[in-house]
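Summary of the model geometry
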Amino acid sequence: MCGIVGYVGKKDCTKVLLDSLKKLEYRGYDSAGVAVFENGEIKISKSKGRLAVLEQKLQKEGWINGTCGIGHTRWATHGEPSDINSHPHGSARVTIVHNGIIENYQKIKAFLIKKGYTFESETDTETVAKLLDYYYEGDPMAAIQKVLGEIEGSYALGMMFKDFPNRVYAVRKDSPLIVGVGEDEAFIASDVPAIIKYTRNYYLIDQDEIVVLDDGKAGIYDIHGMPVDKELMTADWDMEAAEKGGYPHFMLKEINDQPTAIKTTITPRINEGMPDLSECGMTLEKLSGYQNIFVVACGTAMHAGLVGKYVIEQLARVPVTVDVASEFRYRNPILSDKDLVIVVSQSGETADTLEALRLSKNVGADTLAIVNVKGSSIAREADMVLYTHAGPEISVASTKAYIVQIAVFYLIAFELAFAKGAISEEECRRLTGVLQSVPDLINVVLQQAEQCKYIASKLINAGNLLYIGRGLDYALSMEGSLKLKEISYIHSESYAAGELKHGTISLVTEGMPVIAVATQRELFDKTVSNVKEVKARGASVIFVTHSYKTIESDVAEYKIGLPTIDDILMPLPAVVPLQLIAYYTAVLKGNDVDKPRNLAKSVTVE
Ligand code: AGP
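Residues numbered from 1 in each chain as written. Predicted model: local features only at pLDDT ≥ 70, side-chain atom pairs only at ≥ 80, totals over all residues. Heavy atoms only, no water.

Quick look at empty space enclosed by the protein
In the structure shown here, the tally under the stated rule is one cavity of 30 Å³ or more. By volume, the largest cavity is sized at about 70 Å³. Sorting elements by how many residues they give to the lining of the largest cavity places strand β6 (residues 94–102) first, with three residues. Partitioned by chemical class, the residues of the lining of the largest cavity number two nonpolar, eight polar and two charged. (1 Å grid on protein atoms, 1.4 Å probe; cavity = no way out; pocket = protein on both sides within 12 Å on 5 of 7 lines; lining within 4 Å. Points joined across faces, edges and corners; volume = space filled by probe spheres on them. Helix = DSSP H or I, 4+ residues; strand = E, 2+ residues; numbered from the N terminus. Nonpolar A, V, L, I, M, F, W, Y, C, P; charged D, E, K, R; others polar.)

A short note on the layout of surface pockets
In this structure, the second largest pocket occupies an estimated 590 Å³ of space. Taken together, 28 residues line the second largest pocket, and the ones lying closest to its centre are Cys298, Gly299, Thr300, Leu482 and Glu486. Taken together, the elements giving at least two residues each to the lining of the second largest pocket come down to α9 (299–316), β19 (339–345), α16 (472–488) and β23 (491–496).

Side note on the site of the ligand
Neighbouring residues of the ligand: 14 residues in total, closest Ser345, Gln346, Ser347, Thr350 and Glu486. In the environment of the ligand, a nitrogen atom lies 2.9 Å from a nitrogen or oxygen atom belonging to the backbone of valine 396. Measuring from an oxygen atom of the ligand, one finds a side-chain N or O atom of lysine 483 at 2.9 Å. Against a free-state accessible area of 410 Å², the protein chains account for coverage of 90% of the ligand. Structurally, the ligand is housed in the second largest pocket. Taken together, the residues that form the shell around the ligand break down as five nonpolar, seven polar and two charged. (Near = heavy atom within 4 Å. Polar contact = N/O pair within 3.5 Å; in protein donor to acceptor, adjacent residues only side chain to side chain. Areas by Shrake-Rupley, 256 points an atom, 1.4 Å probe, with all protein chains shown as cover. Sits in = over half its atoms within 2 Å of the grid points.)

Side note on the packing of aromatic side chains
Using the criterion set out here, one finds eleven aromatic pairs in the structure. Geometrically, the ring pair formed by tyrosine 410 and phenylalanine 414 is tilted, given 6.0 Å between the ring centres and 45° between the ring planes. Of this pair, tyrosine 410 and phenylalanine 414 both sit in helix α13 (residues 400–419), four residues apart, roughly one helical turn. Its relative accessible area of 0% is what places tyrosine 410 among the buried residues. (Phe/Tyr/Trp six-rings, centres within 6.5 Å; stacked < 30°, edge-to-face > 60°. Buried < 20%, exposed > 50% of the residue type's maximum accessible area, 1.4 Å probe, protein only.)

Details of the side chain of histidine 87
With respect to the secondary-structure elements, histidine 87 resides in the loop between β4 (68–74) and β5 (89–90). A distance of 3.2 Å separates the side chain of histidine 87 from the backbone nitrogen of histidine 98, its partner in a polar contact. A polar contact of 3.4 Å, which involves the side chain of histidine 87, links it to the side chain of threonine 125. The contact partners of histidine 87, leaving out residues within four places of it in the chain, are Ala32, Gly33, Lys46, His72, Arg74, Val97, His98 and Thr125. (Contact = heavy atoms within 4.5 Å.)

Looking at the sheet that holds strand β13 (residues 217–221)
Here we have six strands laid out as an open sheet, ordered β5-β6-β7-β8-β12-β13, and antiparallel in their pairing. Looking along the sheet, the strands with just one partner apiece sit at the ends: β5 and β13. Where strand β7 (residues 153–161) and strand β8 (residues 167–173) come together, four bridges link them in antiparallel fashion. Looking across to β8, one finds that leucine 157 is bridged to valine 171. Sheet contacts for helix α4 (residues 125–135): β5, β6 and β7; angle to β6, the most-contacted strand, approximately 135°. (Pairing = 2+ DSSP bridges. Axes fitted to C-alpha atoms, helices over the stretch in contact; angles between N-to-C directions.)

Remarks on the pattern of salt bridges
Side-chain pairing between opposite charges can occur once the charged atoms of the two side chains come close. By the definition in use, this model includes 31 salt bridges. The residue lysine 130 makes a salt bridge to glutamate 126 at a minimum N-O spacing of 2.7 Å. Of this pair, lysine 130 and glutamate 126 both sit in helix α4, four residues apart, which is roughly one turn of that helix. Judged by its relative accessible area of 7%, lysine 130 falls in the buried class. (Salt bridge = Lys/Arg side-chain N within 4 Å of Asp/Glu carboxyl O.)

So, in structure tokens, the structure goes:
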């Protein structure tokens, strides 16, 4: 979704804004723009397309020279991607950039039209700029306060007033905003990677706090204009973590980061061989008191929840319901104070997941967030937080964030099963030990990258694909299918292998690729039977299973062999070839792997 940045300092502001916006490219965008004070005037440059297009435009039409400005990458919501709809927007006196959606913009626009305002763009953002202009009588803070009383929806706004050439104002509600502070310079940004090149020190801005960057310093105020004391945060990772590190794409780097990410996530939560989640206030007593568990998330994070469901139910025998957040929040779920709601989110800013969390808290359920981004809205609002330590995930297609979410679910399942008396201490220790061995196994699976690339070369011309599996393998198939769809643009579906013959098998035609995942040995023969059914109808089968399993040529054309551990832990190594197949298919098709069309990394609108 949109990214906003702002700078006040001594450096070439246009360059700083472009550099910072580049670090927010992962959020997904279709146009970009900057506004910079030059000799007391606000100069704007904006254009549809990538940041490179904006940079060329600036070089051709004239660089804007100044030390104070705001910038934006736009992911279109109101109005198509175009030069006119790109941010910044404004009036003669006010210029703004915005991330979020103003829900009552039509009412405000109608009011402003009656007052004589005219509009250039189709955006909701332009109404905020014009409303600020309407209320502005020489005091920016007063105008901002009045506007905040009228607009509804979500926003992170960066604002400049023509009368104050060295200032940037900002405010947020339900869209992320941080403030970076360096020596004689200050920044606003949607996310930490945007500022990390310049400073590691930043503040997390809370709902409706107003930020003023002035003369290289940052002031933070509450909605009434009273100064607020904030804790200064320090990013615990450096630029390298947000760079490609020699890999051609972030996605490939992030797939290869997975062994380290798992280690970093689980190690601090294992105490003398036993899982220990007490850091977030989750005691054995508390854990064993829950009657039901709900897992609520979107996309890949929801798929991690599906693995969590199988594992918790199998080991701890506690019922788990997994919901897509956008459905959960409107289905009036039956929750009580005896239930635990686990929300899962890489970004910690996904609008539907955040609202599902708020709803759960309102009805009195305990909430636990599994989140990657420190200090994000979901992390701050949940009763308990378990951070995944994957480091920054830049590629839109989530890989390392997914695998560490699953790793955390294992720790929860082991501890819960032990707390409930469903497994012995000895078994809990053993399973925890096997989990600790997984990073090394993933390193072995990563060595099959070339084979995954070869298989990808057989998929690039496919129009449709099926992923099938049973039990945990079905949950994995869903993730494999989503990964392929989002970056290769090949249509694929995932199906419970036993369900195929109830309808979907009619889609199977000569040469249609079917990826069968069969790591659950109890279900292996049953999956093989289902595979034979599609094979008999012409499918070309890729079989993902244990290395030691022999696969006859009447079952599959290609096999990917996995190292063997307990079946319940097999999703961790088994997802890796699915990620690599999706990655190489997208690469071979020449797609923009890290920034697939139409997608945003952080989905801050519902
Ligand atoms: C994953 O590859 C997707 N880009 C997407 O499904 C993502 O997992 C989903 O939007 C949830 O995001 P979150 O984890 O930041 O909440």
